[in-house]
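So the chains spell out like this:
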Amino acid sequence: MLAEQSNVLGWGIPAGVAIESVAAETAEAVDDQRLGLSDGSRVLLQAKRQLTAATSEGSPLDKTAVEFVRQHLADGGQASPLVLVCGPASSGPIKEALPRMLERLRGEPPADANDLESTNEQQRSSYDALVEVLERAWLAQTGAPAPAAEFVALLSRIHVTVLAVEEGGGDEANALNNLAGFVLADPAAAQTTWGTLVTEMLGLARGQRGMTRGRLQTVLSARGVGLAVVRSYRDDVAALRARTATALGRLERHRALRLANERVQLPRPAAAALRAVAEQRSVLLVGPPGIGKSGLMADLVANWLDDGVNVVGVRVEDLSAATEDELRRELGLTHPLADVLANWPGPPAILVIDGLDAARGADATHTLVTLINQIVSDATRWRVLASVRTFDLRHDAALRAAFSGLPAPDFTHPEFGALSHFSLQDLGDDELGALKTLAPQFAGLIEQANPDLRSLLRNPFNLSLLADLATRVEDDRLTRVRTQLELLSLHWGTVVVAPVHERDRRERALHAVCTAAAASLSLQASRDAVLGTTERDEAAVLGLLRAGVIVEHAPLSGFGQAKVGFSHNVLFDYAFARLILAEDSEGLAAQLASEPDLPLLARPSLVMRLEDLWARDDEREEFWTLALLLADDTQGVIARLAAPAVVAQQLDTFDQLAGLLARLVDPVEQRRAAADRLTYEVVAARIAAGPDTRPLSTVTPNALEAWAKLAAHLAHRDPGGAAANWLALALWQEAGAS
């Protein structure tokens, strides 16, 4: 089983079919051992230390016949092998002659079992002895003689194998050679491992239990046995190691700030805490866009590799698989990924999945979550460390179900108290303070910033944008920035599309990247496709590459084309909002309704647009206009829920709801109905955004007052309405806890 040599035993097991499990003292009629095979079939073994051709009732051969007939009748026509395993002290006719007769029968089955020809007296006598005890057992168990064809079918299932596995036996030597050559990382451990295996098998027999190959590998590892990768999976493991090295290379840019011509890596104390959690159990790394999740994942993968830990790292951005088989092919594997991991033995290991939110297609997301569920539920040596944006986790019930458990102490997000997660927070004072030593001039610029900008710069992505701008924009202009959208806009004009004479060409190239991404529901695009849309404008693409706006990725296999993508997903989201999404509200709503798959990719960009409209003016007229258009039944679920999610997170005062409340009393019934639907979704989004027991516990005191006033307003307008009742219950829960 461990050496994948099941076919050398014969028994009719096809080539390529492996033993996957073993059970002892089973409930089967042939009960000594049951082997489960990789094709779903089984082999049943009955062992006799010493066997002769004696046919008297109660003889070892007679008892075996009784068990074989009972099993055959119970199987109802199944043809799984029934194996009689005997020791080397058994008689010559049983060890040598009988197996040849059974092979002849399987090769040319006679119409009647008694018609099978023999070549010598030993073959005849041993075969006749077996037929005699089988016929007697059949008659005793059924009350009638066995039909000729059925009796031949029974005989064709029977195999006789001699195994000399006792100390000094030839098969024990073969087992030791297989252990040394195919199973163990250290061949010198073969003898002690053989002793461990014998002990484990005796334990299975005493407990009438079974064990899969994966479980046996886990048990041996726990006993301190160093196992080699299963032979048929070694190429796949090599492919995963290579894929991990590629992923780490592509994540390298996220590990440090780029300041002029140097790179500065800030200390992240959270890294040690996350490593400790991830080595114990599967966990989600959660945080807002740009908080440094990819950089932290890259640090951990690099450290684990340096320490000799088995780790597999993949970037979801590099994948587009909508099915498990497509994922297997994209990773360059022969077997499914979960099977490869199950057959890669050793001490606890980590599967790192960076950026689950980058799977912008529903099928791709489902494939990855299904994989995670399988690995977590199988309880193998593998732990899963995956990263995802807070917003995406909030709206992905399947992903939350896959990571049910306890949060990491001191790194808990209040919304996810029942999830195994690690919430990555803004940079702390000590982390930012390290810049005083690492980059004093840049640290001085941060000191001059207004409070809003200093708060923004606790996000590593925003800090990297400022670093990009530091040598290009006057300090006075930089320090007046107050929002992330202002920072992105300044970066766009100064870095992305500068110099001015290249603006149109660069925007055309970026438009091509975004358009290709929309077509494939991927964050990357073929470099050749981008050039084909820009009249082969290599200079524009090269300028964007040099500016660090986009990055180029070589094909992950020997085939395919180079791809380009934005250097950070937030840059992609901003570019998509700026270049692809229609500028006016009516046009944007029509665009999203006419392209049902677009919101899968553009949801973060749509949220950016909505957040911009929310912050743009106190009346929020444009925001509510777009929100109502998106609440229409012609929109998909993702588009309909985007505006309510923004309100749920941004609402701070009751006055900010004035535009919505005014539309609830619109004289036009259709517009009033749309406002009702939007109000319901806004309340539902706020309830969903908090913990189940206290949905409003994560809002500020000002926001809590705003939600309370909305509850009163809705109760007065529609006392039995669902939205009013939901809010009333949430407020009651909050009051009871305070």
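See above for the structure.
The structure reproduced in this document is the subject of the present report. (Residues numbered from 1 in each chain as written. Predicted model: local features only at pLDDT ≥ 70, side-chain atom pairs only at ≥ 80, totals over all residues. Heavy atoms only, no water.)

Concerning helix 30 (residues 637-650)
Note: α-helices contain 3.6 residues per turn, so residues at a spacing of three or four share the same orientation.
Okay, step 1: Compared with the 20 Å implied by 1.5 Å per residue over 14 residues, the 20 Å span of helix 30 between its first and last C-alpha is a close match.
Okay, step 2: At alanine 643, helix 30 is deflected by roughly 25 degrees, the largest bend along its length, and proline proline 644 occurs up to four residues later in sequence.
Okay, step 3: Burial in helix 30 covers these residues: Ala639, Ala642, Ala643, Pro644, Ala645, Val646, Val647 and Ala648.
Okay, step 4: Those residues of helix 30 hidden inside the fold are in contact with helix 14 (390-394), helix 27 (585-594), helix 28 (598-616), helix 29 (621-630), helix 32 (669-688) and helix 33 (701-717). (Helix = DSSP H or I, 4+ residues; strand = E, 2+ residues; numbered from the N terminus. Expected span 1.5 Å × (residues − 1). Bend = angle between axes of the 7 residues up to and from the residue. Buried < 20%, exposed > 50% of the residue type's maximum accessible area, 1.4 Å probe, protein only. Contact = heavy atoms within 4.5 Å.)

Some details on the sheet that holds strand 15 (residues 550-553)
Okay, step 1: Here we have 3 strands laid out as an open sheet, ordered 14-16-15, and antiparallel in their pairing. This sheet does not close on itself; its edge strands, each paired only once, are strand 14 (524-526) and strand 15. Recorded for the sheet is a direction-independent mean angle of 30 degrees between the axes of neighbouring strands.
Okay, step 2: Looking at chain direction, strand 14 and strand 16 (residues 563-566) are connected through 3 bridges and run antiparallel. Bridge pairing in strand 16 places serine 526 opposite lysine 563. (Pairing = 2+ DSSP bridges. Axes fitted to C-alpha atoms, helices over the stretch in contact; angles between N-to-C directions.)

Details of the side chain of threonine 161
Okay, step 1: Secondary-structure assignment places threonine 161 in strand 5 (residues 158-162).
Okay, step 2: Here threonine 161 falls in the buried class, since its relative accessible area comes to 13%.
Okay, step 3: Discounting chain neighbours no more than four positions away, the residues touching threonine 161 are Trp11, Val83, Leu84, Val85 and Cys86.

Looking at the pattern of salt bridges
Okay, step 1: According to the stated counting rule, one finds 45 salt bridges in the structure shown.
Okay, step 2: Arginine 677 is the partner of aspartate 633 in a salt bridge, and the nearest nitrogen-oxygen pair spans 3.9 Å. Pair noted here: aspartate 633 is in the loop between helix 29 and helix 30 and arginine 677 is in helix 32, with a separation of 44 residues, a long-range link.
Okay, step 3: In this structure aspartate 633 comes out as exposed when scored by relative accessible area, which is 60%.
Okay, step 4: The partner of glutamate 705 in a salt bridge is lysine 709, with the nearest N and O atoms 3.4 Å apart. With a gap of 4 residues between them, glutamate 705 and lysine 709 both fall in helix 33, about one helical turn apart.
Okay, step 5: Judged by relative accessible area, lysine 709 falls into the partly exposed class, the value being 40%. (Salt bridge = Lys/Arg side-chain N within 4 Å of Asp/Glu carboxyl O.)

Some remarks on the pairing of strand 10 (residues 311-315)
Okay, step 1: Burial analysis of strand 10 places 5 of its 5 residues in the buried class, which makes it a mostly covered element.
Okay, step 2: Of the two faces of strand 10, the one carrying Val311, Gly313 and Arg315 and the one carrying Val312 and Val314 are both buried.
Okay, step 3: Looking at chain direction, strand 10 and strand 11 (residues 349-354) are connected through 5 bridges and run parallel. Each bridged residue has a counterpart across the sheet, and for arginine 315 the counterpart in strand 11 is aspartate 354.

Structural notes on the packing of aromatic side chains
Okay, step 1: For the structure shown, the criterion picks out 9 aromatic pairs.
Okay, step 2: With centroids separated by 5.7 Å and ring planes inclined at 70 degrees, the aromatic side chains of tryptophan 492 and tyrosine 574 adopt a geometry described as edge-to-face. Within this pair, whereas tryptophan 492 is found in helix 22 (residues 484-496), its partner tyrosine 574 is found in helix 26 (residues 569-579), the two being separated by 82 residues in sequence.
Okay, step 3: In this structure tryptophan 492 comes out as buried when scored by relative accessible area, which is 2%.
Okay, step 4: Ring centres of phenylalanine 566 and phenylalanine 572 lie 5.8 Å apart, and the angle between their planes is 75 degrees; on these two criteria the pair is classed as edge-to-face. The pair phenylalanine 566 / phenylalanine 572 is uniform in exposure class, with both members buried.
Okay, step 5: Grouping aromatic residues by their ring pairs yields a cluster made of Phe566, Phe572 and Phe576. (Phe/Tyr/Trp six-rings, centres within 6.5 Å; stacked < 30°, edge-to-face > 60°.)

Observations regarding the nonpolar core
Okay, step 1: Judged by nonpolar contacts, the single largest core of 152 residues is most densely connected at Leu356, Leu435, Phe442, Leu463, Phe566 and Phe623.
Okay, step 2: Considering every element that reaches this core, the biggest residue donor is helix 28, with 9 residues.
Okay, step 3: In terms of nonpolar packing, the next biggest core, distinct from the first, is built from 31 residues, Val69, Leu116, Leu130 and Val131 among them. (Core = buried A, V, L, I, M, F, W, Y, C linked by side-chain atoms within 4.5 Å.)

Some thoughts on the environment of leucine 678
Okay, step 1: Within the fold, leucine 678 resides in helix 32.
Okay, step 2: Spatially, the C-alpha atoms of leucine 678 and leucine 641 are 8.9 Å apart, while their sequence positions differ by 37 residues.
Okay, step 3: Discounting chain neighbours no more than four positions away, the residues touching leucine 678 are Trp624, Ala627, Leu628, Ala631, Pro644 and Leu660.

Regarding helix 6 (residues 190-207)
Okay, step 1: Along its 18 residues, helix 6 runs 26 Å from first to last C-alpha, staying within 8% of the 26 Å computed at 1.5 Å per residue.
Okay, step 2: Within helix 6, burial applies to Ala190, Thr193, Trp194, Leu197, Glu200, Gly203 and Leu204.
Okay, step 3: Residues of helix 6 that are buried make contact with strand 1 (19-24), helix 5 (170-183), strand 6 (210-212) and helix 7 (213-222).
Okay, step 4: Of the residues flanking the end of helix 6, it is glutamine 208, one or two places downstream, whose phi is positive at about 50 degrees.

Describing the packing of helix 22 against helix 23 (residues 503-520)
Axis angle and axis distance: for two packed helices, these are the angle between their axes and the distance between the axes, and together they describe the pair.
Okay, step 1: Close contact between helix 22 and helix 23 brings their axes to 11 Å; oriented N to C, the two are set at 115 degrees. By the criterion of interaxial angle, the relationship of helix 22 to helix 23 is roughly perpendicular. On helix 23, the residues touching Trp492, Val495 and Val496 of helix 22 are Arg503, Arg506, Glu507 and Leu510.
Okay, step 2: The residue makeup of the contact of helix 22 with helix 23, split by class, is 4 nonpolar, no polar and 3 charged. (Parallel < 35°, antiparallel > 145°, perpendicular 65-115°, else oblique. Nonpolar A, V, L, I, M, F, W, Y, C, P; charged D, E, K, R; others polar.)

A closer look at the side chain of serine 282
Okay, step 1: Tracing the sequence through the fold places serine 282 in the loop between helix 9 (270-278) and strand 9 (283-287).
Okay, step 2: The exposure class assigned to serine 282 is buried, which follows from its relative accessible area of 14%.
Okay, step 3: At 2.9 Å, the side chain of serine 282 forms a polar contact with the backbone nitrogen of valine 384. (Polar contact = N/O pair within 3.5 Å; in protein donor to acceptor, adjacent residues only side chain to side chain.)

Brief notes about the sheet that holds strand 2 (residues 33-37)
Okay, step 1: Within the open sheet, the 6 strands sit side by side as 5-4-3-2-1-6. Their pairing is mixed. Of all strands in the sheet, those bounded by a partner on one side alone are strand 5 and strand 6. For this sheet, the mean inter-axis angle between neighbouring strands, taken without regard to orientation, is 20 degrees.
Okay, step 2: By the bridge criterion, 5 bridges tie strand 1 to strand 2 in an arrangement that is antiparallel.

Observations regarding the pairing of strand 9
Along a regular strand, successive side chains alternate from one face of the sheet to the other.
Okay, step 1: With 5 of its 5 residues buried, strand 9 lies for the most part within the structure.
Okay, step 2: In strand 9, alternate side chains face the same way, and those of Val283, Leu285 and Gly287 on one face and Leu284 and Val286 on the other are all buried.
Okay, step 3: Bridging between strand 9 and strand 12 (residues 382-389) involves 5 bridges; their strand directions are parallel. In the strand pairing of strand 12, valine 286 is matched with valine 388.
Okay, step 4: Relative to strand 13 (residues 421-423), strand 9 runs parallel, the two sharing 3 bridges. Each residue of the ladder has a partner; that of leucine 285, found in strand 13, is phenylalanine 422.

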